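Overview (structure and organization)
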Amino acid sequence: MRRRNGLWALAVMVMLLATLAGCGNDEESRSAAGGRSELVYASTKDIRDINPHLYGGEMAAQGMVFEPLVINTDTGVSPWLAESWDISDDGRVYTFHLRKGVRFSDGEPFNAEAVKMNMDAIMANRIRHAWLDMINEIERNEVVDEHTYRLILKRPYYPTLIELGLLRPFRFISPRCFVDGQTRNGVSGLVGTGPWILAEHKDNQYALFTANPDYWGEKPRVHAVRWKVMPDHQSIILALQKGEIDLIFGADGDMLNLDTFAALKREGTFQTAISRPVASRAILLNAHQPFTREREVRLALQYAVNKRGIAEGVLNDSETVADTLMASSVQYCDIPLEKRSYDPARAAALLDAAGWKRERDGWRYKNGEKAAVRLYYNANNAQERTISEYIQADLKKIGVEMRIIGEEKQTFLDRQKTGDFELQYSLSWGTPYDPQSYLSSWRIPAHGDYQAQTGMERKAWLDEEITRLMTEPDEARRRAMYRDILTYVHDEGVYIPLTYSRTKAVYARRLKGVEFGLSQYEIPFEKMHF
Amino acid sequence: MGMLTYVLSRLAGLIPVLLAVSFVSFLLIQLSPGDPAEVVIRVNALTPTPELLAETRTQLGLDKPFLARYLHWLTHALQGDLGTRHIDGKPVAEEMARALPPTLLLAGTAAVVILLCSIPAALISAFFEGSLPDVVLRTLLFVSTSFPTFWAGLLLLWLFSVHWDLLPLSGLEEPRSLILPSITLALPYISTYTRLLRGSLLEAKQQNFVLYEKTCGLRVTTILRHIFRNSLQTSLTGLGMSLPRLIAGTFVVECLFAWPGLGRLCVSAIFNRDLPVIQAYILLMGILFALFKAFMEICAALADPRMRDRGKK
């Protein structure tokens, strides 16, 4: 009896193993058959709603399907759906000559009428584009003829072309997708002129983009891109090891933390790539709080932070140390500014001179007040916590106590608005938003930058100068204005520039053509191939 | 009291409970910090200008008093309308309905795995009490319970999916995708049920009827069957009550295995502060717990008439 039971158990186990092994073989044969034509990209985030005129979707996915009139490149603004353009002498009228023969992937022609319809829909939703100065500068727009479109501004707003080339909102969706002539309340389809067509989207599972067979430009080299949603970072790495995915791509630790990136790079099983610096990572010093109100104190904190230590120790040397808020490679930002390298002795001397004397307990005091600051960060970002701890140790060396407080994202943003902080993280938006959109955001009271700058003597001038700058038609004068603004902010020491962040990619050896776009938010899938 | 009357009174008793659940889930969301209108704006990467804030407040009905909002929400919820997601404006009820079946499938399979593993383990452990198989099994179960779920899941993924390449890694694309997530979800429960069942088996073994049956010369298998049936009730009630816990506890497993279920829907809603989804999730879980409790009580009353009369004393 017992023996018979044992045999049964054995038989069941053999069957189970055979089934599992059989399945495994299936998998192998599937991947071995023929060349790969589908690129699998893993992301922790779903593409969500990629309506190009709204902000709910993943920018990289929006950029795959929808295209702009012009694009931002390393060498400046280049033609895209507009072959060329003329700008009137007063800088207010932009006439675009559209590329002929371009169609949306549903067959609708791309012409001046479609452009105007899109622009009108965007402007009808002006309230949602408040961050973009250009929206308020558009006076009207008109169709000149089928392939000529004209945009008339109220004032000669200089970043017009740059902002027309952004990933959103000035991109074009097929007129057939409009609902009641609008796009703000949702669209009936997601059809663009781009190299990819959104063929299938299973919410929070995957999105399948197939190559647009009628694309007007250089066609993608793989047939499809599968955007796979995997919320767990470790599972993504395992999937890469298994060969289920081909590419991990992302900025600021959202897809790849730096330790993992460094480990994968060392291991050498996969290819890794790192972009040139794309955005600025800095600590905001609030000039509106008692301790950090004094300029000497802010300067002392600048010298106290060991940026090289952070770049090497925390960021695994994957980011370059920042001496100025904006990298000198950013347009208009090549300005000779005093470099403030790590110098604890100088920091201590500055604090002494400001009257903050070290007492027996090791901390500094002035009029009985302790030198203490609070640094707030978004609790979801593990990297920011480690950087904070590094800074905490640096400040302790000069006798300044720092408390680190991780907060839930909304609370963190609420705090930005109220200005109730001494130190806070700040990350610029990167090219092509830097410097104009970033500087422009300094004037919005809901931003931490605004609150931190409020304590500066010439804050009113700064805001006015930024406003003037946006419509300054003369290039040389504009350059001079940027110099004045950035020099003033640098002299005031309201930012401790830390590093310039970079976009990272890890990908299977079989994948070729992995490059970075100009912005950290786009992924040039169309150049990739096996 | 007749069985039907008991069932009806038990179901009627659910109404105030469910109303309370709905009120608490609504209240909790209202008490969360931050301005909900601003949350909606920020989650869509927009700048909260005063005009946009005012427009959003009106859209969300935030300009109305609390009770009016609750009643509005409740009457709509009763008709199956749980509002729309902040992130993309899709109806919450539709999204929940889409995510519920994968979670039920996962939790149901995990429950089967728990039964398949814990019953034989408890039987072996109880009938060979103190012997080597008992000690080995209990040690194994102790170790498996001590694994944090995410770690156990990662280990299983690495071993079965990457190293041996036997099973798919993530998603719900084929039936085999179910194996690893359900085992990971079941792991911490297996030990609990084995111990529960083992305890009641040992207890039943000591009872008079066993001795009586032995002296009557009944076959060992018959006696075993009787012991097993007598000890099953406690653990089945325990398992029944754990089903809603299994459904509510899929967060980690669903994220790890990219499982398109409720847990993930809720996690992403939490990260995006998509309040209508979180609210609906709390409501659904409250309802599930209340329903399962009522169901288990009715089952127990069916099995043991004394339970029905308990309330009368």
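For the structure, check the block above.
Calculation criteria
Residues numbered from 1 in each chain as written. Chains lettered and ligands numbered in written order. Predicted model: local features only at pLDDT ≥ 70, side-chain atom pairs only at ≥ 80, totals over all residues. Heavy atoms only, no water. Pairing = 2+ DSSP bridges. Helix = DSSP H or I, 4+ residues; strand = E, 2+ residues; numbered from the N terminus. Contact = heavy atoms within 4.5 Å. Axes fitted to C-alpha atoms, helices over the stretch in contact; angles between N-to-C directions. Parallel < 35°, antiparallel > 145°, perpendicular 65-115°, else oblique. Left-handed = near helix turned anticlockwise from the far one by under 90°. Nonpolar A, V, L, I, M, F, W, Y, C, P; charged D, E, K, R; others polar. Patch = residues over 30% accessible without salt bridge, like charges linked within 9 Å, V, L, I, M, F, W, Y side chains within 5 Å. Areas by Shrake-Rupley, 256 points an atom, 1.4 Å probe, with all protein chains shown as cover. Salt bridge = Lys/Arg side-chain N within 4 Å of Asp/Glu carboxyl O. Buried < 20%, exposed > 50% of the residue type's maximum accessible area, 1.4 Å probe, protein only.

Here we look at the sheet that holds strand β18 (residues 372–378) of chain A
All names here are of chain A. The six strands are arranged β14-β21-β13-β20-β18-β19 in an open sheet whose pairing can be described as mixed. At either margin of the open sheet sits one strand with a lone partner, and together these are β14 (320–321) and β19 (401–407). Sheet topology places β14 next to strand β21 (residues 495–501); two bridges connect them, and they run antiparallel. Bridge pairing in β21 links Val321 to Thr499. In this fold helix α8 (residues 295–304) packs onto β13 (279–285) and β21, with an angle of close to 35° to the strand it touches most, β21. Where helix α11 (residues 382–397) meets the sheet, it contacts β13, β18, β19, β20 (423–427) and β21, and its direction lies at approximately 170° from that of β19.

A closer look at the packing of helix α5 (residues 92–127) of chain B against helix α6 (residues 132–146) of chain B
Residues and elements named next belong to chain B. At a minimum axis distance of 7 Å, the contact between α5 and α6 shows a crossing angle of 140°. Considering their axes alone, α5 and α6 lie oblique with respect to each other. When you trace α5 past α6, the crossing you get is left-handed. Along the contact surface, α5 presents Ala121, Ile124 and Ser125, while α6 presents Pro133, Asp134, Leu137 and Arg138. Class assignment of the residues belonging to the contact of α5 with α6 gives a composition of four nonpolar, one polar and two charged.

Brief notes about a nonpolar patch on the surface
Among the surface-exposed residues, B:Phe23, B:Val24, B:Leu28 and B:Leu67 lie close enough to one another that they form a single nonpolar patch of about 350 Å² accessible area. Ranked by the residues each element gives to the nonpolar patch, the list is headed by helix α1 (residues 3–31) of chain B, at three residues.

Some details on the sheet that holds strand β4 (residues 82–87) of chain A
Residue and element names in this part refer to chain A. Spatial ordering of the open sheet is given by β4-β5-β7-β6, a layout of four strands whose pairing is antiparallel. Each edge of the open sheet carries a strand with a single partner, namely β4 and β6 (138–145). If you compare each strand with its neighbour and ignore which way they point, the axes differ by 20° on average. When strand β5 (residues 93–98) meets strand β7 (residues 148–153), the two strands line up antiparallel, connected through five bridges. Bridging across to β7, His97 finds its partner in Thr148. Helix α3 (residues 112–123) contacts β5, β6 and β7 of the sheet and is inclined by roughly 165° relative to β6.

Observations regarding unusual backbone geometry
Cis geometry is adopted by the peptide bond preceding A:Pro432, which originates at A:Thr431 and carries an omega value of 0°. Of note, A:Pro432 is situated in the loop between β20 and α13 (436–441). A cis amide bond links A:Asp434 to the next residue, A:Pro435, at an omega of 0°. Among the structural elements, A:Pro435 can be located in the loop between β20 and α13. Residues other than glycine seldom take positive phi values, yet A:Asp317 does so here, at roughly 60°. Locating A:Asp317 in the fold gives a position in the loop between α9 (307–314) and β14. On the basis of relative accessible area, A:Asp317 is assigned to the partly exposed category, the value being 48%. Even without being a glycine, B:Ala258 presents a positive backbone phi close to 50°. Inspection of the secondary structure assignment puts B:Ala258 in the loop between α11 (251–256) and α12 (262–271).

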